[in-house]
Structure formats: structure tokens, C-alpha cells
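A closer look at the structure
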Amino acid sequence: VILLAGLAGGTGGGAIPFIASLALHLGAKTIAVVTTPPNIVTPVGVIEGKKSQERAEQALANLRGVLDEENIHVIPTAKGTLATMYDNTDKLALKKVKEILEKYN
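Because the structure is predicted, anything quoted here is derived from the model rather than measured. (Residues numbered from 1 in each chain as written. Predicted model: local features only at pLDDT ≥ 70, side-chain atom pairs only at ≥ 80, totals over all residues. Heavy atoms only, no water.)

As enumerated under the stated definition, the model contains three salt bridges in all. Note that E69 is salt-bridged to R64, the shortest N-O span being 2.8 Å. Where K91 meets D87, a salt bridge forms, and the shortest distance between an N and an O atom there is 3.3 Å. With a gap of four residues between them, K91 and D87 both fall in helix α3 (residues 85-104), about one helical turn apart. (Salt bridge = Lys/Arg side-chain N within 4 Å of Asp/Glu carboxyl O. Helix = DSSP H or I, 4+ residues; strand = E, 2+ residues; numbered from the N terminus.)

Given below as C-alpha cells:
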């Protein structure tokens with residue numbers, strides 16, 4: 001099972017440790033590919049700032065309580081403009097998933 005989630009503090013960060021635990025309980029090889037939130041500063045303030053980073057660190061700590069470090073792959077948010085960085089991050093995550101699939105095929 002390959003789990004892919006963002007750890008900014010929403011559903012992904014909250015659910016991924018539980019889902020990983022369930023998959024392991026069922027006997028499945030379980031690997032997590034997770035993204036961390038960017039620190040974006042705009043003229044109107046900070047988006048995905050310190051609180052999102054703190055939630056991501058807590059989610060990652062929770063995930064480390066379930067999976068071995070070798071089965072957790074952290075993809076930092078890619079650089080780019082606000083319009084392109086999420087797309088670039090998606091591409092990095094997809095590349096990592098493909099690498100994992102090639103390793104096990």
C-alpha cells in the first residue's frame with residue numbers, strides 16, 4: 001500500500017497514521033509519501049505558515065510511530081510561484097511513487 005498525503009493539518013495529516021496502522025495490521029507492505037506545507041508570504045499575510053508547519057511535524061511524528069523511517073518519504077513543497085508550486089510538488093510526489101513501484105516490481 002502506498003499512501004500519499006499532504007501534512008498541512010487536514011485530513012491527510014490526521015488520517016495517514018491510522019490508515020498506515022490498518023494496512024500494517026492487514027499484513028500489507030506500507031509506504032507513505034507525504035508532502036509538507038510551504039511557507040508562503042504574500043502582501044496580505046502568511047499562507048501555510050508556522051501553524052501548518054507545526055501540524056505537519058506532529059503528523060510526521062505520529063506517522064513515525066507507525067512506520068519505519070525507511071518507509072516514509074517526505075517531499076517538501078517545490079519552489080515556484082503560487083500558481084505552479086503545487087503542480088510542481090505533485091510531479092515530485094508522482095516521481096517518488098514511480099521510483100517505489102519500480103523498486104518492488
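We now examine helix α2 (residues 50-64). With 15 residues, α2 extends 21 Å between its outermost C-alpha atoms, agreeing within 8% with the 21 Å of an ideal straight helix rising 1.5 Å per residue. Inspection of α2 places S52, A56, A59, L60 and L63 among the buried residues, and these make up the whole buried set. For α2, the arc enclosing every buried residue in end-on projection is 100°, short of the 170-degree limit, so these residues lie on one face. In α2, those exposed residues whose orientation departs by more than 90 degrees from the buried face are K50 and K51. (Expected span 1.5 Å × (residues − 1). Buried < 20%, exposed > 50% of the residue type's maximum accessible area, 1.4 Å probe, protein only. Arc of directions from axis to C-beta.)

Right, let's talk about α3 for a bit. Between its terminal C-alpha atoms α3 stretches 29 Å, which fits the 28 Å expected from 20 residues at 1.5 Å a residue. Residues of α3 that are buried: M85, T89, A93, V97 and I100. Along the long axis of α3, the arc covered by the buried residues comes to 110°, so they all point the same way. Away from its buried face, by an angle of more than 90 degrees, α3 presents the exposed residues K91, K95 and E102.

A large share of strand β2 (residues 31-36) lies buried, amounting to six of its six residues. Neither face of β2 is open: one carries I31, V33 and T35, the other A32, V34 and T36, and all of them are buried. Sheet analysis places strand β1 (residues 2-6) next to β2, joined by five bridges and oriented parallel. Across the sheet, residue I2 finds its bridge partner in β2, namely I31. Read from β1 through helix α1 (residues 11-25) to β2, the crossover connection turns out right-handed. In terms of strand pairing, β2 meets strand β5 (residues 72-76) through five bridges, oriented parallel. Its bridge partner being in β5, T36 is matched across the sheet by P76. (Pairing = 2+ DSSP bridges. Right-handed = clockwise from strand over helix to strand, strands pointing away.)

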